[in-house]
Amino acid sequence: MIYEHIRTETDGRVARITLDRPEAMNALSVALMEEVGQALALFGADDGVGAVIITGNEKAFAAGADIKDMARLDYTAAMTRDFPFNAGGWEALNRFRKPVIAAVSGVCLGGGCELAMACDLIIAADNARFGQPEVKLGIMPGAGGTQRLVRAIGKAKAMELCLTGRMMDAGEAERAGLVAFVTPLDSLQERALETARTIAGHSLPSTMMIKESVNQAFESPLSSGLVFERRLFQGTFATADQAEGMAAFVEKRRPDFSHR
Ligand code: DAK
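1. Describing the side chain of Thr236
No. 1: Inspection of the secondary structure puts Thr236 in the loop between α11 (222-235) and α12 (240-250).
No. 2: Apart from residues lying up to four places away in sequence, Thr236 is in contact with Met209 and Gln242.

2. Points about the site of the ligand
No. 1: Every one of the 25 residues lining the ligand counts as a neighbour, but Ala63, Ala65, Ile67, Phe83 and Gly111 are closest to it.
No. 2: A distance of 2.8 Å is found between an oxygen atom of the ligand and a backbone nitrogen or oxygen belonging to Gly111.
No. 3: Starting from 1,100 Å² of accessible surface for the ligand in isolation, the protein chains cover 64%.
No. 4: Looking at the shell around the ligand, the elements that each hand over two or more residues are α2 (67-70), β6 (107-109) and α5 (111-118).
No. 5: Per-element accounting of the shell around the ligand gives the leading share, 3 residues, to α2.
No. 6: Residues belonging to the shell around the ligand are distributed by class as follows: 16 nonpolar, 4 polar and 5 charged.

3. Points about the sheet that holds strand β2 (residues 14-19)
No. 1: Across the sheet, 6 strands lie side by side as β1-β2-β3-β5-β7-β10; this open sheet has mixed pairing. Both outer strands of the open sheet, β1 (6-11) and β10 (181-183), are each paired with one neighbouring strand and no more. Put simply, the sheet's adjacent strands are angled 20° from each other on average, direction ignored.
No. 2: Looking at chain direction, strand β5 (residues 100-104) and strand β7 (residues 121-125) are connected through 4 bridges and run parallel. The residue of β7 that forms the bridge with Val104 is Ala124.
No. 3: Strands β1, β2, β3 (51-55), β5, β7 and β10 of the sheet are contacted by helix α9 (residues 188-201), whose axis makes an angle of about 170° with β5.

4. So, unusual backbone geometry
No. 1: Phi is positive for Asn26, close to 60°, though the residue is something other than glycine.
No. 2: Relative to the assigned elements, Asn26 resides in the loop between β2 and α1 (30-45).
No. 3: Assessed through its relative accessible area of 0%, Asn26 is described here as buried.
No. 4: Positive phi, normally seen in glycine, also occurs at His259, with a value near 60°.

5. A short note on the pairing of β2
No. 1: By the criterion of burial, β2 is predominantly enclosed, with 6 of the 6 residues buried.
No. 2: Of the two faces of β2, the one carrying Val14, Arg16 and Thr18 and the one carrying Ala15, Ile17 and Leu19 are both buried.
No. 3: Here β1 runs beside β2; their pairing, made up of 6 bridges, is antiparallel. Residue Ile6 lies in a different strand from β2, and its bridge partner there is Leu19.
No. 4: Joining the antiparallel neighbours β1 and β2 is a turn of 2 residues, in which Gly12 adopts a positive phi near 60°.
No. 5: Strand direction decides the pairing type here: β2 and β3, joined by 5 bridges, are parallel. Each bridged residue has a counterpart across the sheet, and for Thr18 the counterpart in β3 is Thr55.
No. 6: Once the chain exits β2 it traverses α1 before rejoining the sheet at β3, and the crossover so formed is right-handed.

Quick notes on the rules
Residues numbered from 1 in each chain as written. Predicted model: local features only at pLDDT ≥ 70, side-chain atom pairs only at ≥ 80, totals over all residues. Heavy atoms only, no water. Helix = DSSP H or I, 4+ residues; strand = E, 2+ residues; numbered from the N terminus. Contact = heavy atoms within 4.5 Å. Near = heavy atom within 4 Å. Polar contact = N/O pair within 3.5 Å; in protein donor to acceptor, adjacent residues only side chain to side chain. Areas by Shrake-Rupley, 256 points an atom, 1.4 Å probe, with all protein chains shown as cover. Nonpolar A, V, L, I, M, F, W, Y, C, P; charged D, E, K, R; others polar. Pairing = 2+ DSSP bridges. Axes fitted to C-alpha atoms, helices over the stretch in contact; angles between N-to-C directions. Buried < 20%, exposed > 50% of the residue type's maximum accessible area, 1.4 Å probe, protein only. Right-handed = clockwise from strand over helix to strand, strands pointing away.

These values are about where atoms sit, not about what they do.
Here is the structure:
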C-alpha cells in the first residue's frame, strides 16, 4: 500500500504505523485517520502480525485532530456527518483485536492523547507531554478523552486536565497510571519494539483473549467479568498453543507457538 500521511513497516511479527505529517505536528486529519484504518485492516488480516506499534516523531506523537479541518465545521456538519466523517481509523482501532502499543514522544494532545489511550498500552519517551487542551479551543474532548482518561488516571486528575487544558509530562503520566513506563527518547523505538516482540512471540489466541478480557473489565460488573474471563481461560484449552506451551514447560524448552 502507498500512503500519504503514514508510513508502515513490519519487523518479524511486529508491525509499525508511523504517523507522518511532521509539518502539522502529526495533526490527525480525516485522510490520515482513514489511512490508519486501512493499515489496521491489513495488519488485522495478516496472520504473520502479532502486535502493532503506533508512533509519531520525536516532536509529536500527534497534536490532536486537525484544527484547520475543524475550523470549517458548524454544528449541523459536525453532527449530521458525525465528525470526523466516520474516519475509518478511529473505529478500526476500537475494533482491532490484536495488541497495539502507542510509542509516544513529544506532544500527545487532544485526539492524539485519545488515539494513544485507544491503544492497549502506552510507552512514553521522557520528552512526552500529554493533555486534553480542547477546552482552550471552545470545544471538548470527542474521542474518549473524558471517558478513557478518567478510567486510566481517576476523576480528580482527569477533571483537572480536561478543565484546565494543561499538559502533564511523562513522569507525571507514569505516576498517574496513564503510561506503562517511561524511557529515554533515544531508546523509545527500541523499547517499544522489544515489548511488541515479546507480546507477538506469545500465542496470538492468548494475547487476543487477554486483551479482550482486560477491556471487558471496563464494560461489566466484576462478577460478570470474572465469568467472562473464566470462559476465555477454559477456551485456551482448545488451542494447540496451550498444549505446546505446557509441554515446553515440562520439557524445559522454549515453546514453539503455532498461533492456533
Ligand atoms: N491541527 C492543525 N495544525 C496543527 C495542530 C493541530 N491540532 N497542531 C499544530 N499544528 C500546526 C501549526 O498550525 C503549525 O503549522 P504552521 O503554522 O507551521 O503551518 C505547525 O503545526 C507547528 O505548530 P506550532 O508552530 O504551534 O508549534 P509549537 O511547537 O509552537 O506548538 C503545540 C506545538 C502542539 C503545543 C501547538 O501547535 C498546539 O497547541 N497545537 C494544538 C493542540 C490542540 O489544541 N489539540 C487539540 C485539537 S482538538 C473525534 C476525534 C478527535 C477529536 C474530536 C472528535 N471524533 C472521533 C468524534 C479531537 C479533537 C482535537 O484534538
